[in-house]
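Chain and residue survey
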Amino acid sequence: MLFIDARELGEMESRVHRILTGEDDPIPGPETDIGRIAGTYHAWRNADGDYADVPGFCKSADFAEIERKRFVLTPGRYVGVAEVERSGEPVGEAIERLIGEVREQIAEGAELDRRVEDALGRIGRAV
């Protein structure tokens, strides 16, 4: 069974509706989202050696693997997550930078809380 997780493809048109590229094309090319999905399916179906599992996108699972997962057919359980690209920044430096960013955001949040409290106080006095 082929599992494809296309959650990262396309763009959200609304909170619940995702638009995939190539939807309006009579024959979507491989560079479109629809073309990528179709090409993956055809490579898997043809079994000509062109198909390969792609972490975070597609996975071919046999019955035994599906049985081990208690017949849950959620694609994410099979395809896993895509490999994360490393920035090359040393881990210690990245942690220090992120801690600094979080501290700045906490300070900004505290200032916004103070401004909201001031505004509420002015509204309360005006009533």
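So, here is what we can say about the structure in this document. (Residues numbered from 1 in each chain as written. Predicted model: local features only at pLDDT ≥ 70, side-chain atom pairs only at ≥ 80, totals over all residues. Heavy atoms only, no water.)

1. Some points on the pattern of salt bridges
Side-chain pairs of opposite charge can arise where the charged atoms are in close proximity. Summed over the entire model, instances satisfying the criterion amount to seven salt bridges. A salt bridge links Asp 5 to Arg 7; the shortest N-O distance between them is 2.5 Å. Residue classification places Arg 7 among the exposed positions, given a relative accessible area of 56%. With a closest N to O distance of 3.6 Å, Asp 53 and Lys 59 form a salt bridge. In this structure, a network of salt bridges that share partners links the residues Asp 53, Lys 59 and Glu 65. (Salt bridge = Lys/Arg side-chain N within 4 Å of Asp/Glu carboxyl O. Buried < 20%, exposed > 50% of the residue type's maximum accessible area, 1.4 Å probe, protein only.)

2. Looking at a nonpolar patch on the surface
A surface patch of nonpolar side chains, amounting to about 430 Å² of accessible area, comprises Val 116, Leu 120, Ile 123 and Val 127. Within the secondary structure, Leu 120 sits in helix 4 (residues 91–126). (Patch = residues over 30% accessible without salt bridge, like charges linked within 9 Å, V, L, I, M, F, W, Y side chains within 5 Å. Areas by Shrake-Rupley, 256 points an atom, 1.4 Å probe, with all protein chains shown as cover. Helix = DSSP H or I, 4+ residues; strand = E, 2+ residues; numbered from the N terminus.)

3. A few points about the environment of Trp 44
With respect to the helices, strands and loops of the structure, Trp 44 is situated in helix 1 (residues 33–46). Residue classification places Trp 44 among the partly exposed residues on the basis of a relative accessible area of 24%. Contact partners of Trp 44, with chain neighbours within four places excluded, come to Met 1, Leu 2, Tyr 51 and Ser 60. (Contact = heavy atoms within 4.5 Å.)

4. With respect to the nonpolar core
Among the nonpolar cores identified, the biggest contains seven residues, and these are Leu 2, Leu 9, Leu 20, Ala 43, Tyr 51, Phe 57 and Cys 58. Sequence-distant contacts of Leu 9, that is, excluding residues within four places in its chain, are made with Arg 18, Leu 20, Asp 33, Arg 36, Ile 37 and Phe 57. Judged by nonpolar contacts, the second largest core, of five residues, contains Phe 3, Ala 61, Ile 66 and Tyr 78. (Core = buried A, V, L, I, M, F, W, Y, C linked by side-chain atoms within 4.5 Å.)

5. With respect to helix 1
Compared with the 20 Å implied by 1.5 Å per residue over 14 residues, the 20 Å span of helix 1 between its first and last C-alpha is a close match. Asp 33, Gly 35, Thr 40 and Ala 43 are the residues of helix 1 that are buried. When helix 1 is viewed along its axis, its buried side chains cluster within an angular range of 160° and face the same direction. Facing away from the buried side of helix 1 by more than 90 degrees, the exposed set consists of Arg 45 and Asn 46. Turning to helix 1, the residues buried within the fold contact strand 1 (2–4) and strand 4 (58–60). The first or second residue beyond helix 1 is Ala 47, which carries a positive phi of 50°. (Expected span 1.5 Å × (residues − 1). Arc of directions from axis to C-beta.)

6. Let's talk about the environment of His 42
Within the fold, His 42 resides in helix 1. In this structure His 42 comes out as partly exposed when scored by relative accessible area, which is 45%. Taking the C-alpha atoms as reference, His 42 lies 55 Å from Asp 113; in sequence the two are 71 residues apart.

7. Focus on unusual backbone geometry
Residue Arg 70 is not a glycine yet carries a positive backbone phi of 60°. You will see that Phe 71, though not glycine, has its phi angle at about 60°, which is positive. With respect to the element layout, Phe 71 can be found in the loop between helix 2 (63–68) and helix 3 (75–79).

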